[in-house]
Amino acid sequence: MAANFAHSATPQRSLEQKEKAHMTTTADRPAQSPTSFKVIGTRPIRHDGLDKVTGRAKYGADISLPGMLHGKILRSPHAHARIKSIDTSAADKLPGVKAVATSKDFPILKDGILDFGETLDNAKMLAEKLLARDKVLYKGHAVAAVAATDAHIAEEALSLIKVDYEVLPAVLDVRESMKDGAPVLHETLTTAFKVEQQARGTSTGKRSNIASHLQFKRGDLEQGFKEADVIVEREFTTTMVHQGYIEPHASTAFWAPDGHITVWTCTQGTFGVRASTAAIVGVPESMVKVIPMEIGGGFGAKLTTYLDPVAAILSKKSGHPVKIVMTRKEVFESTGPTSGTYMRCKMGATKDGRITAAELYLAYEAGAYPGSPVGGGCTSSFGPYKVENMLVDGYDVVLNKPKTQAYRAPGQPQAVFAVEPVVDELAEKLGMDPLEFRLKNVAQAGDRMPAGVVYPRIGCKEMEEAMKAHPHYKTPLTGPNRGRGVAVAYRNHQGGVSSATLNVNDDGTVSLVTGAVDIGGTRTSVAMQAAEALGLTAEQVIPTVVDTDSVGWTGSTGGSRITFDTGLAAIAAAEEVKQQMRARAAKIWEVQPADVEFKDGVFTCVKNPGDTMTFKQLAGRLRRTGGPITCSASNPTTGVGPTFAGNIVDVEVDPETGKVQVLRFTAFMDCGKAVHPSYVEGQMQGASAQGIGWALNEEYFLSNDGAMVNSTFLDYRMPTALDTPMIEAVLIEVPNPRHPYGLRGVGEVPIVPPLAALANAVYRATGVRMTKLPMSPPTIVEALKTKQSKKK
């Protein structure tokens, strides 16, 4: 098959065929898990669905409070400049203006005021990102804020603020920023060197724009390449891209006369907002309550705060609630995209297809402050492969662009875009089928991840075997300018702490209270786990996401962890509910709790099997046998662990225009056990669509002075339904031993392989290895012209 793989593909399918493929799930295949579940694996209607589709759900911008003011933020027109002075006097005098704020209003930026130990530097950095103090570091950097009786007055007030800038040279390219003599963003920044799992690293003492150098090393790299019969080495570049969430950032804050602060915000982590707001405005966390609104997309970008402390300071100064809602231009220019990169990958293999050595160099743009996702790129890199000799070097580099933020598997799509085309090229040079080559080197339990951690039970091999056996891979692809690409990817999820409370109601239903913001259907997926444990239906567990005063501490919604970690907390609370209800049944039957069994929602007396009560029947008697039952649990994670994903994609490339048409797309993932298969499929399909946009069109297009010139959805080209085929989702279920129901994290890894799979498909269609993203029409036309010129 290797010989014709380069030009194999399938004819265009009918809409009916596409729709059928779109719905393909584990239901069409034998279950791989021997465990029988009543609720897990079913497809109930989501609990919040009606509110969402009828418009009753309230989002960040929907808040309206008595006396509420409207906030606006003044932003820098320069990519790099020193702030010599800020004069707000004219804005203060404008009728309707109630408050004006600058960085001087943040107590944390007043030296010596607060002491937060190791977190002080991070909190100060965040405060300077929210309102610049001494320098602006990117175009769109916030400088001052205004609260007024309406948005128009606030906008006018911004125009009256006078900022005296000393414009400085800017650096906009990651390689240029790494050079000695490049414009320095932070005078005190020195490079930290980290090895494998070190958290902080050791300072090298060298001042530069390189915030950190992370290294993973294994075996003898030089010897590994000596053993190789075939070596492939290539360079790759990607640009910054945005997460593309529809809802702009929005926050409303009220600083009450008694000093308590209430924040209504769209965020992925209420407790994180509470901590950062408290630190920046100088109050204890107990004085801040954060109320999560529904969130219209985040994908990792709403794990940080941009507006909440600013709104709080404006509220304190004005005595009124203040709401700030970003414009789309502000979202693009002033919030965090993911990193642009420069990467080099070199791999070698023997004639029989064994990988002998692998080397990867990653330089990631962090934006204006340290903290790119280069660590994610390093850890994912060669994850699907057993590699004995390996070196990965990752560099976190600051430059005059917006500070980057997480984007669904942060940093990993870029690294895999550098690795998988090299793997594909190795297979081609060896005359091997691309998936056969991957299977020959597949990572399995007992092998080591790139960071050195030993793999537990994983499903990489099973997933690749499913890809190879799938009709999409076996169906020939005919016609000119068409090609098929494959790619596989890995992500390891750490997890975190979550809390959950269960209240048993008289009617036999259970109220589930969590602090985990729902951005992917986790209300329902966590409720289903509680229902499974209690022998109830999903509809009998009623989930609610509450504020920071109403539930135990819960980590942010990210890292594909909420269904896993908050599910563990809900299961633990459910086990306690069962214990207490056994005791109540024992009291009624005048036996010991150990004499009461619980199965499938029914309590049975072991000594007298004729004595039974359903969960509902016993719930109705709780108040008469000791009172209501409420159980809470806060569980540390067991570690979500590794997840693998893969893609098979067919494309057709127009050689005249360079346009890439995606003909067929099949996404594979080892999900452990799908709690709600429709949600898992949705994650895979949504991530695949984002990957298609990232690979083919999306980019931050900056002018020479650092201004983004495509900061609208009209010019920032995201894919629509017209640009994507019906995406087939194939779920492989290799249960995760770290979870009682076998779950794995599923929200992020599906976005990792599409970039590489599409690059491999475009190569098969054109004969040109695309090493630069996006593979937009002009880029492909230029590559084809270069290919033709080399033939002459």
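What you are looking at is a predicted structure, and each value in this text was computed from that prediction instead of being measured.

Caption draft 1: A look at the pattern of salt bridges. Within this structure, the stated rule accounts for 43 salt bridges. With its nearest N and O atoms 2.6 Å apart, the salt bridge here joins R234 to E425. Note that R234 is positioned in strand 10 (residues 230–238) and E425 in helix 13 (residues 412–430), a separation of 191 residues in sequence. Judged by its relative accessible area of 9%, E425 falls in the buried class. As a salt-bridge pair, K673 and E733 come within 3.5 Å of each other at their nearest N and O atoms. Linking K673 in the loop between strand 27 (660–670) and helix 20 (677–696) with E733 in the loop between strand 28 (727–732) and helix 21 (754–766), this pair joins segments that are 60 residues apart in sequence. Each of R46, D48, K52, E294, D518 and R523 takes part in salt bridges that share partners, so that together they form one network.

Caption draft 2: The arrangement of the packing of aromatic side chains in detail. Applying the stated criterion across every chain yields a total of 15 aromatic pairs. Ring plane angle 50 degrees and centroid distance 5.9 Å describe the contact between Y455 and F644, whose orientation is recorded as tilted. Within this pair, whereas Y455 is found in the loop between helix 14 (434–440) and helix 15 (460–469), its partner F644 is found in strand 26 (residues 641–653), the two being separated by 189 residues in sequence. In this structure, Y455 and F644 share a single accessibility class: buried. Here R344 stacks its cationic end above the ring of Y361, 4.1 Å away from the centre of that ring. Over the ring of Y763 we find R769; its NZ or CZ atom is 3.7 Å from the centre of that ring.

Caption draft 3: Main features of the packing of helix 13 against helix 21. Contact geometry for helix 13 and helix 21: axes closest at 8 Å, N-to-C directions at 40 degrees. Looking at the two axes, helix 13 sits oblique to helix 21. When you trace helix 13 past helix 21, the crossing you get is right-handed. Seen from helix 13, the contacting residues are P413, V416, F417, E420, P421, D424 and E428; seen from helix 21, they are L755, A756, A759, N760, Y763 and R764. For the contact of helix 13 with helix 21, a count of residues per class yields eight nonpolar, one polar and four charged.

Caption draft 4: Region of the structure containing the pairing of strand 1 (residues 69–75). The buried fraction of strand 1 amounts to six of the seven residues, a majority that puts the element mostly inside the structure. Bridge count for strand 1 against strand 14 (residues 322–325) is three bridges, and the pairing is parallel. Across the sheet, residue L69 finds its bridge partner in strand 14, namely V322. In this sheet, strand 5 (residues 142–148) lies alongside strand 1 in antiparallel orientation, the contact comprising six bridges. Its bridge partner being in strand 5, L74 is matched across the sheet by A144.

Caption draft 5: Examining the sheet that holds strand 24 (residues 612–614) more closely. Taken in spatial order, the three strands line up as 22-23-24 in an open sheet, and their pairing is antiparallel. Sheet topology places strand 22 (596–599) and strand 24 at the edges, where each strand pairs with a single neighbour. On average, adjacent strands in this sheet sit at an angle of 20 degrees to one another, irrespective of strand direction.

Caption draft 6: Structural detail: helix 13. Taking 1.5 Å per residue, 19 residues should reach 27 Å; helix 13 reaches 27 Å between its end C-alpha atoms and fits that length. Counting buried positions over the 19 residues of helix 13 gives 17, a clear majority of the element.

Caption draft 7: Examining the nonpolar core more closely. In terms of nonpolar packing, the biggest core is built from 103 residues, with C345, M347, F382, F437, V651 and M775 touching the most fellow members. If sequence neighbours within four positions are ignored, M347 has contacts with F225, V230, I231, V232, I355, A357, A358, F382, V419, V422, V423 and L426. Within the second largest apolar cluster, 47 residues are counted, among which are A500, V510, L536 and L622.

Caption draft 8: View of the packing of helix 17 (residues 522–534) against helix 18 (residues 562–589). Contact geometry for helix 17 and helix 18: axes closest at 8 Å, N-to-C directions at 30 degrees. Between helix 17 and helix 18, the angle falls in the class roughly parallel. Crossing angle aside, the handedness with which helix 17 passes helix 18 is right-handed. In contact with T522, S525, V526, Q529, A530, A533 and L534 of helix 17, helix 18 contributes I562, T563, T566, G567, L568, A570, I571, A574, E575, V577 and K578. Residue classes in the contact of helix 17 with helix 18 are distributed as ten nonpolar, six polar and two charged.

Caption draft 9: Expanded view of the sheet that holds strand 21 (residues 541–545). Here we have four strands laid out as an open sheet, ordered 21-20-19-25, and mixed in their pairing. Two strands in the sheet have a free side with no partner beyond their single neighbour: strand 21 and strand 25 (630–635). Taken pair by pair, the neighbouring strands of this sheet meet at an average axis angle of 20 degrees, ignoring direction. Bridging between strand 20 (residues 510–514) and strand 21 involves five bridges; their strand directions are parallel. When the sheet's bridge partners are listed, V513 is paired in strand 21 with T544. Helix 17 rests against strand 19 (498–504), strand 20 and strand 21 of the sheet, and its axis sits at about 140 degrees to strand 21. Packing against the sheet, helix 18 makes contact with strand 19, strand 20 and strand 25, and its axis sits at approximately 35 degrees to strand 19.

Rules behind the numbers
Residues numbered from 1 in each chain as written. Predicted model: local features only at pLDDT ≥ 70, side-chain atom pairs only at ≥ 80, totals over all residues. Heavy atoms only, no water. Salt bridge = Lys/Arg side-chain N within 4 Å of Asp/Glu carboxyl O. Helix = DSSP H or I, 4+ residues; strand = E, 2+ residues; numbered from the N terminus. Buried < 20%, exposed > 50% of the residue type's maximum accessible area, 1.4 Å probe, protein only. Phe/Tyr/Trp six-rings, centres within 6.5 Å; stacked < 30°, edge-to-face > 60°. Lys NZ or Arg CZ within 6 Å of the ring centre and 35° of its normal. Axes fitted to C-alpha atoms, helices over the stretch in contact; angles between N-to-C directions. Parallel < 35°, antiparallel > 145°, perpendicular 65-115°, else oblique. Left-handed = near helix turned anticlockwise from the far one by under 90°. Contact = heavy atoms within 4.5 Å. Nonpolar A, V, L, I, M, F, W, Y, C, P; charged D, E, K, R; others polar. Pairing = 2+ DSSP bridges. Expected span 1.5 Å × (residues − 1). Core = buried A, V, L, I, M, F, W, Y, C linked by side-chain atoms within 4.5 Å.

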